[in-house]
Amino acid sequence: MKKKILAIVLGLCIATTCAFAKGGNIGPGIGTILMDAVGLNGLLWDVVGLSTNDTFWPVKFGALTLGTSGAGKWSKFALAPTEQFIEENLDFVATDIAKGNGEYLDTVATLLEVEDVEAFKANAQAHFDVLFPTAEVTAAEVTQGLVALL
């Protein structure tokens, strides 16, 4: 009976790890640094990286607290919600930036924790051509451009 319970728990742990290891976004930690350093990607390597991060969980908590191991204020992990919002609302965000005002731009400012929102909006409007150089611009490029303006 104990072996069955152990097998179920182990299976759930592996399934959970696989569920969270997608798209190369496995969170901050030693596993992320190692996978980036050796250039390995794909689901298998995401699982290995995520498992390594979870194995060295004290380092992960330290990384989140101190902003190390890829968990800084402007890291890809911290910017993920902003990038996702921009991706889902790219046309509306572009329109608001062009106008220099609007609820979508206000939301982006909130997600980026901008202190002087009015200056941020004016700066984004002034740099619209830099933020949106082509119609094929990605949400990641817009996000990085907005961070560069801060």
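Being a predicted model, the structure only gives us computed values, none of them experimental.

Q: What should I look at first to understand the nonpolar core in this one?
A: In summary, soluble globular proteins display a tendency toward joint burial of nonpolar side chains. Of all hydrophobic cores here, the largest spans 20 residues; its most connected members are Ile86, Ile97, Val108, Leu112, Phe120, Phe132 and Leu146. Looking at this core, the elements that each hand over two or more residues are helix 5 (80-88), helix 6 (90-99), helix 7 (103-111), helix 8 (117-126) and helix 10 (139-149). Ranked by residues supplied to this core, first place goes to helix 10 with four residues. Beyond its immediate stretch of four places on either side in the chain, isoleucine 97 contacts Leu105, Ala124, Gln125, Phe128, Leu131, Phe132 and Leu146.

Q: Quick question: what am I supposed to make of the packing of aromatic side chains here?
A: The relative placement of two aromatic rings is captured by the distance of their centres and the angle of their planes. Throughout the structure, instances matching the rule amount to three aromatic pairs. Residues phenylalanine 92 and tyrosine 104 carry aromatic rings whose centres are separated by 4.9 Å and whose planes lie at 10 degrees to one another, so their mutual orientation is stacked. Here phenylalanine 92, found in helix 6, pairs with tyrosine 104, found in helix 7; they are 12 residues apart in sequence, far enough to count as distant. Taking relative accessible area as the criterion, tyrosine 104 reaches 22% and is therefore assigned partly exposed. Clustering of aromatic rings is evident, with ring pairs tying together Phe85, Phe92 and Tyr104.

Conventions adopted
- Residues numbered from 1 in each chain as written.
- Predicted model: local features only at pLDDT ≥ 70, side-chain atom pairs only at ≥ 80, totals over all residues.
- Heavy atoms only, no water.
- Core = buried A, V, L, I, M, F, W, Y, C linked by side-chain atoms within 4.5 Å.
- Buried < 20%, exposed > 50% of the residue type's maximum accessible area, 1.4 Å probe, protein only.
- Helix = DSSP H or I, 4+ residues; strand = E, 2+ residues; numbered from the N terminus.
- Contact = heavy atoms within 4.5 Å.
- Phe/Tyr/Trp six-rings, centres within 6.5 Å; stacked < 30°, edge-to-face > 60°.

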